[in-house]
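The chain contents come next:
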Amino acid sequence: RCVQETGINAEYMGFFKIQMIKQQVRVIVRTRPTSNFASKNVEIDTSTNAITINIPKNEEKGLINNQQDSWKFKFDKILHNSSQEDVFDYCVRDVLPSVIEGYNATILCYGQTGAGKTFSMVGGSQNYKYRGIIPRTISQLFQEIGSHFDQAVTVSVSFIEIYNELMFDLLSSVPTHEQSGSDITIQDDSKGGIHVKGLSTHICTNEEEALNHLFEGETNRTISEHQLNKTSSRSHCIFTIYVAVSYTHLRAHETREDLVCRLLLEKKK
């Protein structure tokens, strides 16, 4: 599932739990292609964006059996046998202009182990067309920044891993195996927002630098083999892009506050 959430920036408004939002939360389901699809139990209707789950009744309970045998779920979008580009277009592309306008956004990918979360978020290294949501987001963001000539935009990133209730900085100069996991704490800041104390942030002047930080963090993640996935990432991780915008071409009578907003790209284990 890719969940998209866009809310007005807490630091810009000075109020965290604000109800004003530019776009409602959307839930999008991406199915993983498989040669052994359970077509008798799962029906996917992309025209109505609905999934129906059918489970036969237990015949041992006799002829009079009121056991429910069908459940139907509707979503904002179902991406069935879709490309990486389609996933990005439906989940992320329209969010990026809002980020530069001062809105926070979150893209959360959640699913069963082996379902393809890492592939959806980061992508595969076999082919450029297989790059995932985060690399495409970085590329599109710097393109958006290039079209805003009246603004000075600073981009920085952080990468945190949550594993066994402990938090590790994947971009720290200290290797993760030497980190205690308790040095990073979550706190409320003076403006009512959330601040992660002890987490390093790194300024990126171009797309290449941001991608290097992403791939550096990926190599530091905790992985472990199990029955469904030989290289399963065994943690929840959050790659955050911080966008600070200031206006460089203002007339004498014009005043605008600088904007600081966040784009969170998360993968839930």
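Above this text you will find the structure in question.
This report concerns the structure included in the present document. Predicted model only: the values in this text are computed from it and were never measured.

1. Some details on the overall build of the protein
Then step 1. Summing up its helical and strand segments, the protein has 6 helices and 16 strands in all.
Then step 2. In the protein, which comprises 269 residues, the proportion classed as buried is 36%.
Then step 3. The long-range fraction of contacts in the protein, counting pairs at least 24 apart against all pairs at least 6 apart in sequence, stands at 64%.
Then step 4. Surface exposure of the protein reaches about 16,000 Å², of which carbon and sulfur atoms provide 49%.

2. Some words on the packing of helix H5 (residues 133-146) against helix H6 (residues 207-219)
For any two helices packed against each other, one specifies the crossing angle of their axes together with the interaxial distance.
Then step 1. In the contact formed by H5 and H6, the axes pass within 9 Å of each other and the chain directions differ by 160°. As summarised for this structure, H5 and H6 are arranged roughly antiparallel, according to the angle between their axes. The two elements H5 and H6 meet at a crossing, and its hand is right-handed. Where H5 approaches H6, its residues Ile134, Pro135, Ile138, Ser139 and Phe142 are matched on the opposing element by Glu207, Ala210, Leu211 and Leu214.
Then step 2. Its residues assigned to classes, the contact of H5 with H6 shows 7 nonpolar, 1 polar and 1 charged.

3. Brief notes about the environment of Tyr90
Then step 1. Relative to the helices and strands, Tyr90 is located in helix H2 (residues 84-91).
Then step 2. In this structure, the C-alpha to C-alpha distance between Tyr90 and Ile78, residues 12 residues apart in sequence, is 9.9 Å.

4. Examining the pattern of salt bridges
Then step 1. Summed over all chains, the structure comprises 3 salt bridges.
Then step 2. With a closest N to O distance of 3.8 Å, Asp94 and Arg26 form a salt bridge. Of this pair, Asp94 sits in the loop between H2 and helix H3 (96-100) while Arg26 is found in strand E2 (residues 23-31), placing the two residues 68 residues apart along the sequence.
Then step 3. We classify Asp94 as partly exposed; its relative accessible area is 40%.
Then step 4. Across the salt bridge formed by Arg93 and Asp89, the nearest N and O atoms sit 2.6 Å from each other.

Rules used in this analysis
Residues numbered from 1 in each chain as written. Predicted model: local features only at pLDDT ≥ 70, side-chain atom pairs only at ≥ 80, totals over all residues. Heavy atoms only, no water. Helix = DSSP H or I, 4+ residues; strand = E, 2+ residues; numbered from the N terminus. Buried < 20%, exposed > 50% of the residue type's maximum accessible area, 1.4 Å probe, protein only. Contact = heavy atoms within 4.5 Å. Areas by Shrake-Rupley, 256 points an atom, 1.4 Å probe, with all protein chains shown as cover. Axes fitted to C-alpha atoms, helices over the stretch in contact; angles between N-to-C directions. Parallel < 35°, antiparallel > 145°, perpendicular 65-115°, else oblique. Left-handed = near helix turned anticlockwise from the far one by under 90°. Nonpolar A, V, L, I, M, F, W, Y, C, P; charged D, E, K, R; others polar. Salt bridge = Lys/Arg side-chain N within 4 Å of Asp/Glu carboxyl O.

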